[in-house]
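Observations on the model geometry
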Amino acid sequence: MSEFYGKGDEAESIATIHRALELGITLLDTADMYGPFTNEVLVGKAIRGRRDQVVLATKFGNVRGEHGEFLGVRGDPAYVRQACEASLKRLGVDTIDLYYQHRVDPKVPIEDTVGAMAELVREGKVRYLGLSEAAPATIRRAHAVHPISALQTEYSLWSRDVEAAVLPTVRELGIGFVAYSPLGRGFLTGRFKRFEDLPEDDYRRHSPRFQGENFARNLALVAAVERMAAAKGCTSAQLALAWVLAQGEDIVPIPGTKRRERLEENVGALQVHLSRDDLAELDRILPPGAAAGERYAAPQMQAIDR
């Protein structure tokens, strides 16, 4: 709604959040870096007078400058507190329900970061703790300091690497899994047929999966999903979301959208039933590793699974 995916519209964004609450969606996911900083302000406006309807999640760790500069990752205790206080102010709330470390800081022991986060829990500023894109060993170390309630990582039909080690780890520890980009950054919706369909200011133009030969190869995968969706009488987006939902009750997808129309389409995924044969067919179409290209450009790939 605030950055990366083309121009936003604040009025439509707030209306979309309000419609989500009407439809029974309760989890709202933001981060201090989105905007930067402005998405928390937007969410804060949208939930004013509706705070009791929302499980509010935000994140810290990806440091941004006032002019949008990317300044690395921080997880030192002083920054944890500073970031939390700033998020509370922007959101206009007294407590954050779920507070994530957005990316792990390799220069700071995870025990120190989570220890500082745990202090925020004791002070009532945060209710539950989460990590994002953390490696299994890091998750275990963090969970030993303070219970980790949620692990957020990309997961979709075209990003299934978490199935090897991350999902088994969080399930062993009783940690919920929050799947971001469950629609493959929009690619699985079938909306994009050419690279030029992406807005000029859209960050996906720099994503390896949306470029050159990778785009063409991934388009062929999506075409197969589209054919299956048509046969089931649903959209490709609904089929992709239904697949994520079918992976377990402990998995919560967070599809992002800027418009009520797409929100309502996404919610329709709840009505899509996938049989064992359907799931087997989707495994055949998009097995782990099927997507062409890395999830992120090289610098961003260095910040995940650590």
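Residues numbered from 1 in each chain as written. Predicted model: local features only at pLDDT ≥ 70, side-chain atom pairs only at ≥ 80, totals over all residues. Heavy atoms only, no water.

1. Structural notes on the overall build of the protein
Here is the rule: Each helix is a run of H or I in the DSSP string that is no shorter than four residues. Each strand is a run of E no shorter than two, and both are numbered from the N terminus. Radius of gyration here uses only the C-alpha atoms, and the compact-globule reference equals 2.2 Å multiplied by the residue count raised to the power 0.38. Burial status follows relative accessibility: with a 1.4 Å probe on protein chains alone, a residue under 20% of its type maximum counts as buried, one over 50% as exposed, and anything between as partly exposed. Contacts are residue-level and defined by heavy atoms, with any inter-residue pair within 4.5 Å sufficient. The sign given to each residue is positive for Lys and Arg and negative for Asp and Glu; His and the chain ends receive no count. Every charge is mapped onto a representative atom, which is NZ of Lys, CZ of Arg, CG of Asp or CD of Glu.
Counting its regular elements, the protein contains eleven helices and nine strands. For 306 residues, the compact-globule estimate of 2.2 N^0.38 gives 19 Å, and the protein sits close to it at 19 Å. Considering only C-alpha atoms, the protein reaches an extent of 55 × 40 × 35 Å along its principal axes. Counting over 306 residues, the protein shows a buried share of 53%. Relative to all contacts within the protein whose residues are 6 or more apart in sequence, the contacts with residues 24 or more apart total 74%. Computed over 39 positive and 43 negative side-chain charges, the separation of the two mean positions in the protein equals 1 Å.

2. Remarks on the sheet that holds strand S5 (residues 96-101)
Heads up, the condition is: Whether two strands pair depends on DSSP finding at least two bridges between them. Where helices are involved, their axes are fitted lines through C-alpha atoms of the stretch in contact, as for all axes, and angles between N-to-C directions lie from 0 to 180°.
What the seven strands build is an open sheet, ordered S1-S2-S5-S6-S7-S8-S9; its pairing is parallel. Only two strands of the sheet have a single neighbouring strand rather than two, namely strand S1 (27-29) and strand S9 (251-254). Taken pair by pair, the neighbouring strands of this sheet meet at an average axis angle of 25°, ignoring direction. When strand S6 (residues 126-132) meets strand S7 (residues 148-154), the two strands line up parallel, connected through four bridges. The residue bridging Leu-129 from the neighbouring strand is Ile-148, located in S7.

3. Topic: the nonpolar core
Let me state the cut-off plainly: In this text, buried Ala, Val, Leu, Ile, Met, Phe, Trp, Tyr and Cys residues form a nonpolar core when linked through side-chain atoms within 4.5 Å.
Leu-151 and Phe-177 are the most contacted members of the largest nonpolar core, which has 74 residues in total. Leu-151 has contacts with Leu-131, Ser-132, Glu-133, Ala-134, Ile-139, Val-166, Val-170, Ile-175, Gly-176, Phe-177 and Val-178, leaving out every residue within four places of it along the chain. Formed by nine residues, the second largest nonpolar core is a distinct cluster that contains Leu-98, Val-178, Tyr-296 and Ile-304.

4. Some words on the environment of Ser-87
Structurally, the position occupied by Ser-87 is in helix H3 (residues 77-91). As a C-alpha pair, Ser-87 and Thr-58 span 29 residues in sequence and 7.8 Å in three-dimensional space. Once you skip the residues sitting within four places of it in the chain, Ser-87 turns out to touch Asp-32, Glu-40, Thr-58 and Ile-96.

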